[in-house]
Amino acid sequence: MQTFLRSSAVALVAVLALGACGKDDKGSKEAKPPTSSAQGSVPLSGEAPVQIINFEFKPQKVVVKPGTKVTWTNGDTTIHDIKDTSPLATPVGKEMRKGDSFSITYAQPGSYSYICGIHQYMTGSVEVVT
């Protein structure tokens, strides 16, 4: 009887250990870009992509180093544009059809907000940190 109990216990531990090793993908196969530096991630440098998908900027907030070029690419079938609402006051980006891109290079540290000038409920921000 002790052998049976011992074998059962070992089997139960093995099943629990294997179950804990599983990975819950839930269909998310995309690499996640770094988020806020307040969360401990490293700011992007060089280039930082932002996708426009389903009337949202993804990521909505990007943290970059000075001199980084942020490029928005429209993945929607609807036309969008980028309007900087920060003190940087860059010109409004051209209307972008699906697949079109627009870029701004951020030279100075600071917080820069932007919207889609056509769909003003679409908001995002670029945080430039040293």
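Further up the page is the structure itself.
Turning to unusual backbone geometry, a few remarks are in order. Here the residue pair Lys58 and Pro59 is connected by a cis peptide bond, since its omega of 0° sits within 30 degrees of zero. Note on placement: Pro59 falls in the loop between strand E2 (56-58) and strand E3 (61-64). With a phi close to 55°, Asn54 is a non-glycine residue in the positive phi region. In this structure, Asn54 sits in the loop between strand E1 (47-53) and E2. Classification of Asn54 by relative accessible area gives exposed; the value is 57%. Positive phi, normally seen in glycine, also occurs at Phe55, with a value near 60°.

What the rule picks out here adds up to four aromatic pairs. Look at Tyr106 and Tyr112: their rings are 5.1 Å apart centre to centre, the planes differ by 45°, and that puts the pair in the tilted class. An identical accessibility class is assigned to Tyr106 and Tyr112; each is buried. By the ring-pair criterion, three or more aromatic residues cluster together here, those being Phe57, Trp72, Phe102 and Tyr114.

With that out of the way, let us pick up the pairing of E1. Along a regular strand, successive side chains alternate from one face of the sheet to the other. Side chains Ala48, Val50 and Ile52 of E1 all project onto a buried face; the interleaved residues Glu47, Pro49, Gln51 and Ile53 project onto a face where none is buried. Where E1 lies against strand E4 (residues 68-74), six bridges are found, and the strand directions are parallel. Bridged to Val50 within E4 is Trp72. With three bridges joining them, E1 and E2 adopt antiparallel strand pairing. Across the sheet, the residue bridging to Ile53 is Glu56, located in E2. In sequence, E1 turns back onto E2 through a hairpin of two residues, with Asn54 there showing a positive phi of about 55°.

Cut-offs and rules
- Residues numbered from 1 in each chain as written.
- Predicted model: local features only at pLDDT ≥ 70, side-chain atom pairs only at ≥ 80, totals over all residues.
- Heavy atoms only, no water.
- Helix = DSSP H or I, 4+ residues; strand = E, 2+ residues; numbered from the N terminus.
- Buried < 20%, exposed > 50% of the residue type's maximum accessible area, 1.4 Å probe, protein only.
- Phe/Tyr/Trp six-rings, centres within 6.5 Å; stacked < 30°, edge-to-face > 60°.
- Pairing = 2+ DSSP bridges.

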